[in-house]
Amino acid sequence: MEKISGADAVLLSLIEEGQDTVFGYPGGAVIPLYDSLYSKRDKIHHILSRHEQAAVHEAQAYAQITGKPGVCIVTSGPGATNAITGIANANMDSVPLVVITGQVGSAFLGTDAFQETDVFGLSMPIAKWSAQITKAEDIAETMAKAFYIAVSGRPGVVVLEITKNELTSQTNFVYKKAPVIRSYVPYPEIPQETIDKAAEMINAAQKPLILIGHGVLIARAEKAVQEFVEKSGIPFGTTLMGLSALPSDHPLNVGMLGMHGSYASNMLTNQADLIIAIGMRFSDRVTGKTSGYGTKAKILHIEIDKSEIGKIVSADLSVHGDLKSALSYLTPRIEKKTYNRWRKEFDKFYQMELEQVIKKDTHSTLPLIQMGEAVDIVSKKTSGDAIVVTDVGQNQMIAARYYKFKHPNTFLTSGGLGTMGFGLPAAVGAAVAQKFMSKANKMKNFPVVLFTGDGGFQMNEQELGTIIQEKIPVKIVILNNSVLGMVRQWQNMFNGKRYSETDLVNPDFILLAKAYGIKAKKVELREDLESSIQEMLSYEGAYLLEIIVDKDMKVMPFIAPGSTVDEMKLVSND
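The following refers to the structure shown. (Residues numbered from 1 in each chain as written. Predicted model: local features only at pLDDT ≥ 70, side-chain atom pairs only at ≥ 80, totals over all residues. Heavy atoms only, no water.)

Let us look at the overall build of the protein chain. Looking only at helices and strands, the protein chain has 22 helices and 20 strands in total. Taking 2.2 N^0.38 as the reference for a compact globule, 574 residues should give roughly 25 Å; the C-alpha atoms of the protein chain span a radius of gyration of 24 Å, in line with that estimate. Summarising its shape, the C-alpha atoms of the protein chain cover approximately 70 × 65 × 45 Å along the three principal directions. By residue count, 59% of the 574 residues in the protein chain fall in the buried class. A sequence separation of at least 24 residues applies to 77% of the contacts in the protein chain between residues at least 6 apart. Per element, the accessible surface of the protein chain, about 23,100 Å² overall, is 51% carbon and sulfur. Within the protein chain, one finds 58 positive and 62 negative side-chain charges whose respective centroids are separated by 5 Å. (Helix = DSSP H or I, 4+ residues; strand = E, 2+ residues; numbered from the N terminus. Rg over C-alpha atoms; globule rule 2.2 N^0.38 Å. Buried < 20%, exposed > 50% of the residue type's maximum accessible area, 1.4 Å probe, protein only. Contact = heavy atoms within 4.5 Å. Areas by Shrake-Rupley, 256 points an atom, 1.4 Å probe, with all protein chains shown as cover. Lys, Arg positive; Asp, Glu negative; His and termini not counted. Charge placed at Lys NZ, Arg CZ, Asp CG, Glu CD.)

Here you go:
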């Protein structure tokens, strides 16, 4: 058998796993990898990010859209440490990534050599699995394990640190996908007795409520969940990360759960007699004060990750296993009902929110443009046929509240970690994935629209360079209020309007976009808003639309810290 270099073994492993796109940034410790990549450019397309954190965010978005694990390559030392935020972000949101980092030569480990950092140690607490490779002959086996671990069970991030000398060492190459890993059982068997008990709980309930989480999208279980929902007749709410799992206008959808979610779904959580949690982890942003959560309800938790069951909210019954399998067993055993009287209770709360919040956010009479107006117009102009990406903050919550989703996996945001700066690189990754999916006839050619704030945009604005190099036609909407909006809202509500370090002096975003060769426009008047959004959406290439919005707006309704879900405030007292 002809021997190859360790670097070739890495790239051939990627090819064996069907990976044709990687994101990254070269550096000294991974030069051998990039040299090998040079001869394999016809099989693997490399996206040259402008920062390693951005590369990981881009790979995350790519993975969420395509369903394939995202791949990153970064160098040792600062390259790897720059990637840490992206690794933590993707892992908290259960997105499968394989992040390959360089490392100094084996002989220099532990000597504080130039650009040496203990990536293995740093990444262990924030990744699903980490490994250090110090022998070229271990590369193929470890790569196979990495991809299997990343995608199986509850997906997550795998970090592989490879010493530079092993990238140049010679080795035999034999690749075996999806290896058996002792003691790792990603798909446990579901006892029939558990399914029978779950069906009995559902059939006996008078006021049940389904909670749909990100796990549904991760498992690509949207059809199975829709069949379950529609047969049961049970109203459902979605977590922030669960948005787009089912259409926003589904007749059983009672809105987003949690801190800035829908009034109805939150206020009536404590009236439910059964809560069916599907692929969600009862985040603090969903539950509010846990001692006052689901006070009248039995809890049925369907979840792949056993560690999440009972961790925050105790379950009366848990179904530990793959969602598709669990629902394929459970749906035939449940009775078809309508729950008309229960559903009408949600309608009452929705009408209150519609009159006191939604209409004011989306059809404002205030002098300054409101964020909700922009999101509402984009939603109507695209008819829900867009991939929506957000940064973190008020722009994120407003986009989540007012964009009407029609298709699964068309909403990308940073949920668990709440990473400002996520938006722009994620939009890049989504656009790359969209191109791949449309070419493969797996998705219509949807536009990628980013909603970002002026603060979050500036955290990774350098990715405008990646956009022009890759000719990515992303539509960037900067909702510019010249403040850190969500922090300012909290300062207004809880700190006596002491606005400490939340005012921003911003650059000229239009000139900045033009410096990168990106078409741009600024909107300050409401009468120009709709036509400008239409112009942006109609333009074939990348487009940056800066919209000047009201810095005093608040995202409402709101569950204050320490409050229960049914203590949600519909409007601000200010």
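Quick look at helix α13 (residues 323-330) now. Taken residue by residue, α13 has L323, A326, L327 and L330 as its buried positions. Relative to the axis of α13, the buried residues are bounded by an arc of 90° and lie together on one face. In the core, the buried residues of α13 are packed alongside α8 (192-204), α9 (214-218), α10 (222-232), β12 (274-278), β13 (298-303) and β14 (317-320). The N-terminus of α13 is capped by D322, whose side-chain oxygen sits 3.3 Å from the backbone nitrogen of K324. (Arc of directions from axis to C-beta. Polar contact = N/O pair within 3.5 Å; in protein donor to acceptor, adjacent residues only side chain to side chain.)

For the coordinates displayed, the defined rule picks out 19 salt bridges. Between D8 and K40 there is a salt bridge, with the nearest N and O atoms lying 2.9 Å from each other. Separated by 32 residues along the polypeptide, D8 in helix α1 (residues 6-16) and K40 in the loop between α2 (31-38) and β3 (45-48) bring together distant segments of the chain. By relative accessible area, which is 11% here, K40 ends up buried. Its salt-bridge partner being R285, residue D284 comes within 3.6 Å of it at the nearest N-O pair. Note on D284: relative accessible area 51%, which makes it exposed. One connected set of salt bridges, linked through shared partners, spans R154, D305, E308 and K311. (Salt bridge = Lys/Arg side-chain N within 4 Å of Asp/Glu carboxyl O.)

It is worth spelling out α2 at this point. Since the α-helix packs 3.6 residues into each turn, any two residues three or four apart lie on the same face. Taken together, the buried positions of α2 are P32, L33, Y34, S36 and L37. Buried residues belonging to α2 abut α1, β2 (21-24), β3, β4 (70-74), β5 (97-103) and α7 (164-168).

Within the element layout of this structure, Q53 appears in helix α3 (residues 52-66). Here Q53 falls in the buried class, since its relative accessible area comes to 14%. At a separation of 3.0 Å, a polar atom in the side chain of Q53 contacts the side chain of H57. Excluding its chain neighbours within four sequence positions, the residues that come into contact with Q53 are N82, A83, T85, G86, T419, M420 and N460.

Time to look at the environment of D361. Tracing the backbone through its elements, the reader meets D361 in helix α14 (residues 340-362). Take D361: its relative accessible area is 11%, and that puts it in the buried class. A C-alpha to C-alpha distance of 35 Å links D361 and H301, two positions 60 residues apart in sequence. In this structure D361 touches Q370, G372, E373, I398, Y402 and M556, once residues within four positions along its chain are discounted.

Between helix α15 (residues 371-382) and helix α22 (residues 529-538), the shortest axis-to-axis distance is 10 Å and the interhelical angle comes to 50°. When the axes of α15 and α22 are compared, the pair comes out oblique. The handedness of the crossing between α15 and α22 comes out as right-handed. The residues of α22 that touch α15, namely those facing E373, A374, I377, V378, K381 and T382, are L529, E530, I533, Q534 and L537. Taken together, the residues of the contact of α15 with α22 sort by class into six nonpolar, two polar and three charged. (Axes fitted to C-alpha atoms, helices over the stretch in contact; angles between N-to-C directions. Parallel < 35°, antiparallel > 145°, perpendicular 65-115°, else oblique. Left-handed = near helix turned anticlockwise from the far one by under 90°. Nonpolar A, V, L, I, M, F, W, Y, C, P; charged D, E, K, R; others polar.)

All right, on to the pairing of β14 then. Across a regular strand the side chains alternate sides, sitting on one face of the sheet and then on the other. Only one face of β14 is covered, namely the one carrying L317 and V319; the face carrying S318 and H320 has none of its residues buried. Looking at chain direction, β13 and β14 are connected through four bridges and run parallel. When the bridges of β14 are listed, I302 appears paired with V319. (Pairing = 2+ DSSP bridges.)

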